[in-house]
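Residues per chain are reported as follows:
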2 protein chains.
Amino acid sequence: MAIAPWKQLLINALESNAHLKHSSFFQLSTIGTNGRPSNRTVVFRGFQDNTDKIQINTDGRSRKIEELKRCSSGEICWYFTDSWEQFRINGQIDIIDGSNPSPLKLQQREKSWFASSLRSRLQYLGPNPGLPRLSDETQPAISLDPSAGPVDAFCLLILDPDQVDYLNLKSNLRLTYISSVSATAEKSWNVENVNP
Amino acid sequence: MAIAPWKQLLINALESNAHLKHSSFFQLSTIGTNGRPSNRTVVFRGFQDNTDKIQINTDGRSRKIEELKRCSSGEICWYFTDSWEQFRINGQIDIIDGSNPSPLKLQQREKSWFASSLRSRLQYLGPNPGLPRLSDETQPAISLDPSAGPVDAFCLLILDPDQVDYLNLKSNLRLTYISSVSATAEKSWNVENVNP
């Protein structure tokens, strides 16, 4: 499979902004269950294997899961504050939770679980996100066996990009990438230089 | 009119992150004309007068205008990288271009135009954003009289918030604010402490 032409730009941006912790954060927008836009910051968890698919970990009890079940489209807006580059990445999002029938996908979920820090994993044992906080008291200390596999609430999202809009505010360059899929299911990308 | 209870939190976040140029940038999501989410970085241009309405300048030829004409809802995701605070601000967006019938709104648009730097204003004289770039040659130098009023492409957006989701990752606090409007058109806010 050929590498997506925008992927190298994104890898370069990640490298040149790597000194900033927040450079791995981006905003993921979805369609809310009320039909209105929904937008939140999430963490980039790498590309899936050697593809251009983008991995995100999330809590299966969060609102975005219900939203994605109704409308699987999402758009990432990723702004790099040091290099002044923006990537708008639009695609379909696959939800992989513990009930997924595919052994391969369950394996990917497990891999993403163990790639997370213990502190990140502990979040999935906390109370249901978005529900009223029942007590101001500190939650009882939760311990987690570092070798234990993913808990029920842990969910892997895979965004498969089909359109990318790249903007470089330093060089004043804007490129739009649109993919098409051939009869043999090969994805190819068309790039256009457009006005910023 | 009472100040919205989340507005002071946002003012505090702006102050504590003011040393970062990018703290005035946020991501605005809308519904694309194809029904898919659309998301881009824009610049905060202040609150409208003493209200909690959020001002954004944009090019009337950009795709978001067509999107907002079909669906006027938007969600801002504003992440403050130093204080680890996130504001998700959902509301209806009013588009104010030069054809607006309201003299008051035209005045607001003019005020926002003159509040922008000359460099920002010059952008609205450039070629149509998103259209193919016709030439790699440098555009002819455009000059702009600093006292000249807004050009046709200049458009003011006003987001009127009706839901705000506040998250503080340092204190692990999450508050959701939902507004309601009384029979006398008074807006009031209800706040709830929820699990992060």
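My aim in this report is to walk through the structure given alongside it, one point at a time.

Definitions and limits used
Residues numbered from 1 in each chain as written. Chains lettered and ligands numbered in written order. Predicted model: local features only at pLDDT ≥ 70, side-chain atom pairs only at ≥ 80, totals over all residues. Heavy atoms only, no water. Helix = DSSP H or I, 4+ residues; strand = E, 2+ residues; numbered from the N terminus. Polar contact = N/O pair within 3.5 Å; in protein donor to acceptor, adjacent residues only side chain to side chain. Contact = heavy atoms within 4.5 Å. Salt bridge = Lys/Arg side-chain N within 4 Å of Asp/Glu carboxyl O. Nonpolar A, V, L, I, M, F, W, Y, C, P; charged D, E, K, R; others polar. Buried < 20%, exposed > 50% of the residue type's maximum accessible area, 1.4 Å probe, protein only. Least-squares fit on C-alpha atoms with pLDDT ≥ 70 in both. Disulfide = S-S within 2.5 Å. 1 Å grid on protein atoms, 1.4 Å probe; cavity = no way out; pocket = protein on both sides within 12 Å on 5 of 7 lines; lining within 4 Å. Points joined across faces, edges and corners; volume = space filled by probe spheres on them. Pairing = 2+ DSSP bridges.

### As for the side chain of His22(B)
Along the chain, His22(B) falls in the loop between α1 (7-16) and β1 (25-31). A distance of 2.9 Å separates a polar atom in the side chain of His22(B) from a polar atom in the side chain of Thr81(B). Beyond its immediate sequence surroundings of up to four residues, His22(B) is in contact with His22(A), Thr81(A) and Thr81(B).

### Digging into the interface of chain B and chain A
In this assembly, 43 residues from chain B lie in contact with 43 residues from chain A. For the interface between chain B and chain A, the tally reads two salt bridges. The tally of links between chain B and chain A comes to 27 residue pairs in polar contact (both at pLDDT 80 or more). Taken together, the elements giving at least two residues each to the side of chain B that touches chain A come down to β1, β2 (37-43), β4 (73-80), β5 (85-96) and β8 (187-194) of chain B. For the side of chain B that touches chain A, the per-class residue count stands at 13 nonpolar, 20 polar and 10 charged.

### Some words on the environment of Leu131(B)
Mapped onto the fold, Leu131(B) is located in the loop between α4 (118-123) and β6 (154-168). In this structure, the C-alpha to C-alpha distance between Leu131(B) and Ser143(B), residues 12 residues apart in sequence, is 22 Å. In this structure Leu131(B) touches Val194(A) and Asn195(A), once residues within four positions along its chain are discounted.

### Quick notes on the pattern of salt bridges
Applying the stated criterion across every chain, the model contains 22 salt bridges over all chains. With a closest N to O distance of 3.2 Å, Asp49(A) and Lys111(A) form a salt bridge. Here Asp49(A) is found in the loop between β2 (37-43) and β3 (54-59), whereas its partner Lys111(A) is found in helix α3 (residues 103-115), with 62 residues between them in sequence. Arg70(B) serves as the salt-bridge partner of Glu66(B), at 3.9 Å between the closest nitrogen and oxygen. With Glu66(B) and Arg70(B) both in helix α2 (residues 63-70) and four residues apart, this pair spans about one turn of that helix. Under the relative-accessibility criterion, Glu66(B) is labelled partly exposed at 45%.

### Describing the relation of the copies chain B and chain A
There are two copies of the chain, and a rotation about an axis plus a shift along that axis relates them. Least-squares fitting of chain B to chain A yields an RMSD of 0.0 Å, with the superposition described by an axial translation of 0.0 Å and a rotation of 180°. In the structure described here, the two chain copies are related by an operation that fits a two-fold rotation axis. Nearest to the rotation axis, the C-alpha of Ser29(B) is located 3.1 Å from it, this being the minimum over chain B. A share of 100% of interface residues in chain B that are also interface residues in chain A marks the association as one of identical surfaces.

### Examining the state of the cysteines
Scanning the model with the defined rule gives zero disulfides over all chains in all. Of the cysteine sulfurs around Cys71(A), a residue in no disulfide, the closest is that of Cys71(B), at 12 Å. The structure places no disulfide on Cys77(A), whose sulfur is separated from the nearest cysteine sulfur, that of Cys77(B), by 9.7 Å. By relative accessible area, which is 0% here, Cys77(A) ends up buried.

### Structural notes on the layout of surface pockets
Here the second largest pocket defines a volume of roughly 2,000 Å³. Together, 50 residues line the second largest pocket, and Gln123(A), Leu167(B), Leu169(B), Asn172(B) and Pro196(B) are the ones closest to its centre. Residue assignment for the lining of the second largest pocket shows that the elements contributing at least two residues are β2, β3, α2 (63-70) and α4 (118-123) of chain A together with β5, β6, β7 (173-181) and β8 of chain B. Split by residue class, the lining of the second largest pocket holds 17 nonpolar, 17 polar and 16 charged.

### Regarding the pairing of strand β7 (residues 173-181) of chain A
All names here are of chain A. Note: strand β6 (residues 154-168) against β7, six bridges, orientation antiparallel. Looking at β7, one finds that Asn168 is bridged to Leu173. Judged from the eight bridges that link them, β7 and strand β8 (residues 187-194) form a sheet pairing that is antiparallel. Across the sheet, the residue bridging to Leu175 is Asn193, located in β8.

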